[in-house]
Every structure is written in C-alpha cells, then in structure tokens.
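Structural overview for review
Each chain, letter by letter, is given below.
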Amino acid sequence: MRTEMNKPAGSPGFKRLLAAIAVLAVAFAVFVAIPAIADDSDAAEGKTYYVDAETSATTSDGTESAPFKTIAEALAKNDGSKIVLKSDITELVHIAEGKNVTIDLNGFTLQNPSDKNDKSQKGVILNDGTLTIMDFSKDGNGTVNAVNRMVAVANTGTLTIDGGNFTNTATTGKDPYANYILNNNGIATINGGCFEFDSTSLTNSSIIKNGWNEPDATTVDANDVVVRSDGEIARMTINDGSFTGWTYIKNSYYGDMTIAGGTFTLEKEPDKSCDGACILNVSELKVTGGTFDNTASNNASGIFWIYYGSTTEITGGTFNISDSYRCGKTAAPLVSIEQTEDISTEIIISQDVANSVAGHPVLISNCAIGTDVTVGDSSVNIIKSDTFKSTFT
C-alpha cells in the first residue's frame, strides 16, 4: 500500500503535501513570534505587602517574614498592591491619585495618632486614588477607628468597602465630639462592613456624608474633603452593611445616593439635638431595599428626612417606624419634609411601600410649598401647611 509520502516527487499529491507543510511552517513561525501576554488579573493585583508595627526584622522587604513597619513603606512601591496588616497600626494613610490599592485589615485596628489634633489630612485614610478596604480575618475584628475629631475614611477617588468595622471615638471632656465616619466627595460603593457611631458623643455629625456641605466654596470647607468642581457629583451606592448611631446617613448637596440593601438603626439620643431619621436627603436619593429602624429614637421624625430641592424615590425596603413622632402621641411617618422655600421637590413612593407602613403616615410636612408627591398611582401637590401635621396617607 502506497501512502501520500510514497508518492513520486512529480505527482500532484506530492505537490499538495509540500504546500500543506509550507503553510504549517509559516503558521508556526507566526505563533512563535507573538510575544507572551501577561495575565491581566495578576498584573492588576500587583504584589502583596505585609505591615507589622511590632516587627523585629532587621531588614524589611514587605514579605510576611520581613514585613514593613508602616503602610507608607508599602505605598511607596509603584505597583498596584495589596497591603495586609499583621498588627495594630497607628498612622495616617494617604492613597495618592493614580494608585490602585487593597487594604486587608486582617483583624487588626488602623487608627490615627491620638496625641495631637493632626489636621494635615482629612481622614485616617484619605483616598485620592482607587482603594478597596476589606477584612479577611476569621473573627471580623478589623477596624478603622478615628480619634480626636478626625474622619475615619475620606474619599475623593474611587472607594470600595467590602468589609471591616468603621468607628469613631469621641473626644474626652465636657462636650465629647466625634466626626463623620465616612466623608465622600468621590465615588464610593459599600458592599459590607459595620459603621457605628460612638454612643457617648454629643456631636450632630452624620455617620456618613455623601456630597458637599458648601458646594460653592472656593476653599475647602471644614466639613468637605475637597473643593467641588463644576459639574462634579459625589456618588454612593450602598448594597449592604450595618449603620448604627443616633444620627443619620446624609446625602448632601450634589450627592447621588442609591440604597439597595443594608441595615440602618437609630439609637437613643443623649440630648435630643438631632432629628431621629435614618436618612437625610438634600439631593438625589433612590431606595430599592434595606432595613430601616428608628424605634429606639427619643426624637423620631420620619425614616427619611427630606430637604427642599431634592428628589427622593422609594420603591423597596423594610421599615420599622417609631410610634412617637417628636416625642408626641402621633405615630412617626415614613417621610418628613423640611420645605421652607418655594423650590421644586419631588418624592416618589411605590404603593407597595406605602402599604407596608400601615398605621403610620406616609408623609408629614413642615410648611411644604410646591412639593410634588406621588404614591403609587396617586399624586398630590402640597401647597402649604399652617401646621406641622399636614399628612398624606
């Protein structure tokens, strides 16, 4: 039996075989010439560095056996990196613009120095780059704690929080004070974590602030991270997490906030200085889920406290509402409006949400002028109220 290889050199079959071999040779040469492409995920992750303030290593390269003493040493590396804590750290951390970093609290505490009121930066962690914070420890004790009137996390870049505890410790003395836990002037996504206000504090600071306190300022306001640029919006998405304190989550001027999940719990206030709301909205707010509870508040207003000029849409969630509005005998509402100027304000509440708060007013307004409210398929325009108990149910 004669195969293709046994055909005479001049036969058509032999010529076809040579042509096929030539094509394969060219293809192989092209394949060899193509440079190897690195795995994008590995390149993006960079190296893992370990930080241990108590290390006894004489030389440090950031490995687990020879960790750095400070987070700053790890950040000095010019690669996208993951930083894992191996001890409690007392340090101010700055993620510069252009850096992409993950910090694993790993069960330890990161805290600012408490021996002086350092105003050199706006938070224990100041993020101007891209930062992910997580706590991959088994016990879940990893914490970022702010002391001496500092914010725990201040953000102007892109921030993702996947886990960890975020707290503030009130100053000691006659008027104990604690600042925001998270102050966002950038883009922030919260997928988990516990945010808890110091219950001994007498401050009226929000647990979280998204947006600007003074959006038209030409210098940085004390309550903002950076000066707002024209057209700039602070964006925050809350998918999960727990938020506990006797003040609220504040969506401030030029803030765009979406709440899809999480647990928002109000505690008893020490001096009744704040409205007992879970969420204060001054700008754009959309709520599709989450659990909200203000039953422990001793100065309960609505679950949502709405300011004039804002837009609020509530289509989902679970609401545990106080039976005592402003310490009175009237049941607290789902929404209370603070409307003192004739500026367009829009509130949309789904019929399912309205039905779920049976026994409570859907809305109580404070002299609401020109507020458009939609509940399910019904609409009402509250022209004016001479009392504080204009209700729409």
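For the structure itself, consult the block above.
The structure contained in this document is the topic of the report that follows. (Residues numbered from 1 in each chain as written. Predicted model: local features only at pLDDT ≥ 70, side-chain atom pairs only at ≥ 80, totals over all residues. Heavy atoms only, no water.)

1. Observations concerning the overall build of the protein chain
Each helix and strand counted, the protein chain has 4 helices and 33 strands in total. By residue count, 48% of the 393 residues in the protein chain fall in the buried class. Within the protein chain, contacts between residues at least 6 apart in sequence are counted, and of these 66% link residues at least 24 apart. As displayed, the protein chain has an accessible area near 18400 Å², and 51% of this comes from carbon and sulfur atoms. (Helix = DSSP H or I, 4+ residues; strand = E, 2+ residues; numbered from the N terminus. Buried < 20%, exposed > 50% of the residue type's maximum accessible area, 1.4 Å probe, protein only. Contact = heavy atoms within 4.5 Å. Areas by Shrake-Rupley, 256 points an atom, 1.4 Å probe, with all protein chains shown as cover.)

2. Thoughts on the sheet that holds strand 15 (residues 194-196)
With parallel pairing, the 9 strands of this open sheet are ordered in space as 3-6-9-12-15-18-21-24-27. Single-partner strands in this sheet number two, and they are strand 3 (89-90) and strand 27 (318-320). (Pairing = 2+ DSSP bridges.)

3. Section: the nonpolar core
Core analysis: the biggest nonpolar cluster contains 70 residues, and F292, F304, F319, L334 and V335 have the highest contact counts within it. Sort the elements by how many residues they give to this core and helix 3 (residues 71-75) lands first, with 3 residues. If we skip the residues at most four places from it in the chain, F292 touches I259, F264, C278, I279, V287, I303, F304, T318, F319 and N320. In terms of nonpolar packing, the next biggest core, distinct from the first, is built from 5 residues, A277, L280, V282 and W305 among them. (Core = buried A, V, L, I, M, F, W, Y, C linked by side-chain atoms within 4.5 Å.)

4. Regarding the pairing of strand 11 (residues 158-161)
The side-chain alternation of strand 11 yields one buried face, formed by L159 and I161, and one unburied face, formed by T158 and T160. Here strand 8 (residues 130-134) pairs with strand 11 via 4 bridges, running parallel. Each residue of the ladder has a partner; that of L131, found in strand 11, is L159.

5. Considerations on unusual backbone geometry
Generally, phi is negative for residues other than glycine and the peptide bonds are trans, each holding for most cases. Here N106, not a glycine, exhibits a phi torsion of approximately 55°, which is positive. Turning to its location among the elements, N106 is positioned in the loop between strand 5 (100-104) and strand 6 (109-111). On the accessibility criterion, N106 (22% relative accessible area) is partly exposed.

6. Re the packing of aromatic side chains
The description of an aromatic ring pair rests on the distance of the ring centres and on the angle between the ring planes. Going through the model one piece at a time under the given rule, you end up with 11 aromatic pairs. Considering the side-chain rings of F166 and F195, the 4.8 Å spacing of their centres and the 15° angle between planes classify their relative orientation as stacked. One end of the pair, F166, is in strand 12 (residues 165-168); the other, F195, is in strand 15, and 29 residues separate them in sequence. This pair shows no difference in class: F166 is buried, exactly as F195 is. Ring centres of F292 and F319 lie 5.5 Å apart, and the angle between their planes is 15°; this geometry places the pair in the stacked category. Residue F292 is found in strand 24 (residues 291-293), and its partner F319 is found in strand 27; the two are separated by 27 residues along the sequence. Each member of the pair, F292 as well as F319, carries the same accessibility label: buried. (Phe/Tyr/Trp six-rings, centres within 6.5 Å; stacked < 30°, edge-to-face > 60°.)

7. Looking at the side chain of D135
Secondary-structure assignment places D135 in the loop between strand 8 and strand 9 (143-146). It is K82 that comes nearest to the buried, bridge-free D135 among opposite-charge side chains, at 10 Å. Side-chain polar atoms of D135 contact the backbone nitrogen of N106, separated by 3.2 Å. Of the polar contacts made by the side chain of D135, one reaches the side chain of S137; its length is 2.9 Å. Ignoring anything within four residues of it in the chain, the contact list for D135 reads D104, L105, N106, G107, G140, N141, G142, G163 and G164. (Lys, Arg positive; Asp, Glu negative; His and termini not counted. Salt bridge = Lys/Arg side-chain N within 4 Å of Asp/Glu carboxyl O. Polar contact = N/O pair within 3.5 Å; in protein donor to acceptor, adjacent residues only side chain to side chain.)

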